[in-house]
Each structure stands twice: as C-alpha cells, then as structure tokens.
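Below, each chain spelled out in residue letters.
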Amino acid sequence: QVRLVELGGGLMQAGGSLRLSCAASGSISKINSMGWYRQAPGKQRELVARLFSSGSTNYADFVKGRFIIARGNAKNTVYLQMNSLKPEDTATYYCHADAIATTYYYNMDYWGKGTLVTVSS
C-alpha cells in the first residue's frame, strides 16, 4: 500500500501565502508523478499542479504565476507553495500520486485524506 500524508492548510486572508507538503510512504516500487487536486463544496475535483518524475510540471491555468510545485528534500515528498491566495482557492486540497506498489505491478492512483484551505476576503 502507498500512503500519502498532507501537512499544511488552514485559514488565510486574500493575498496571503500557505505551503502544503505531501509525503509518500509504504510499499513503493516507482512513483511516476505526484501532485495536488482540490475540491470545493458542490464542485468537481480539479487538478491544481502535477510534478512528473522527469521534472516536468503541469499547472492549472487559474494558479499559474501564483503557485509552485517542487520536490521536497525528503525522499518521495512534494510541496505546493501557494501565493497571492484568492477566496476562490478555498477548497479541500488532496495529494495525489501515480505510482507502482511493490505488491501490485501496475500504475495506480493514490490519494491523501486532504487538508482544508480557507481564504477569506
């Protein structure tokens, strides 16, 4: 089993910054990508940012120029630096990994439990 644990989140005023981190652990054979998705009440879950093992990144248009995804110093970790936060960023943010477990030899999607980010006006 691959487990993802998020740290960070909380309450911030518009224009402020927050940093989220995610650590993957467990029976990991290979991680193809790690990233962040978010879901607001009544809305579909949507991609925020994704980091591939090659080093390439993919950002949603609504966060370009504001958010940065990067590798953490610890093994199998990523962080999301969120700057210039807007009330529209309010959502539960979920860490995601596209990985191969040592006990299951196929690519699978793994999800963290999520962390709440609330941005006030």
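A. Fine view of the pattern of salt bridges. Taken as a whole and assessed by the stated rule, the structure comprises five salt bridges. Residue Asp61 pairs with Lys64 through a salt bridge whose shortest N-O separation is 3.3 Å. Judged by relative accessible area, which is 64%, Asp61 ranks as exposed. Lys64 gets classed as exposed once you look at its relative accessible area, which sits at 51%.

B. Structural detail: unusual backbone geometry. A positive phi is found at Asn76, a non-glycine position, where the angle reads about 60°. Within the fold, Asn76 resides in the loop between strand 7 (67-71) and strand 8 (77-82). Here the phi dihedral of Ser84 falls at roughly 50°; this positive angle occurs in a residue that is not glycine. Mapped onto the elements, Ser84 comes out in the loop between strand 8 and strand 9 (91-101). Its relative accessible area of 40% is what places Ser84 among the partly exposed residues.

C. A look at the nonpolar core. Membership of the largest hydrophobic core comes to 30 residues, with the highest contact counts inside it found for Leu4, Met34, Trp36, Leu80, Met82 and Tyr93. Counting only elements with at least two residues in this core, the list comes to strand 1 (2-7), strand 3 (18-26), strand 4 (28-39), strand 5 (46-52), strand 7, strand 8, strand 9 and strand 11 (115-120). If you tally residues by element for this core, the top one is strand 9, at six residues. Not counting residues up to four positions away in its chain, the partners in contact with Tyr93 are Glu6, Leu20, Trp36, Tyr37, Arg38, Val48, Phe67, Leu80, Met82, Gly114, Thr115 and Val117.

Basis of the calculations
- Residues numbered from 1 in each chain as written.
- Predicted model: local features only at pLDDT ≥ 70, side-chain atom pairs only at ≥ 80, totals over all residues.
- Heavy atoms only, no water.
- Salt bridge = Lys/Arg side-chain N within 4 Å of Asp/Glu carboxyl O.
- Buried < 20%, exposed > 50% of the residue type's maximum accessible area, 1.4 Å probe, protein only.
- Helix = DSSP H or I, 4+ residues; strand = E, 2+ residues; numbered from the N terminus.
- Core = buried A, V, L, I, M, F, W, Y, C linked by side-chain atoms within 4.5 Å.
- Contact = heavy atoms within 4.5 Å.

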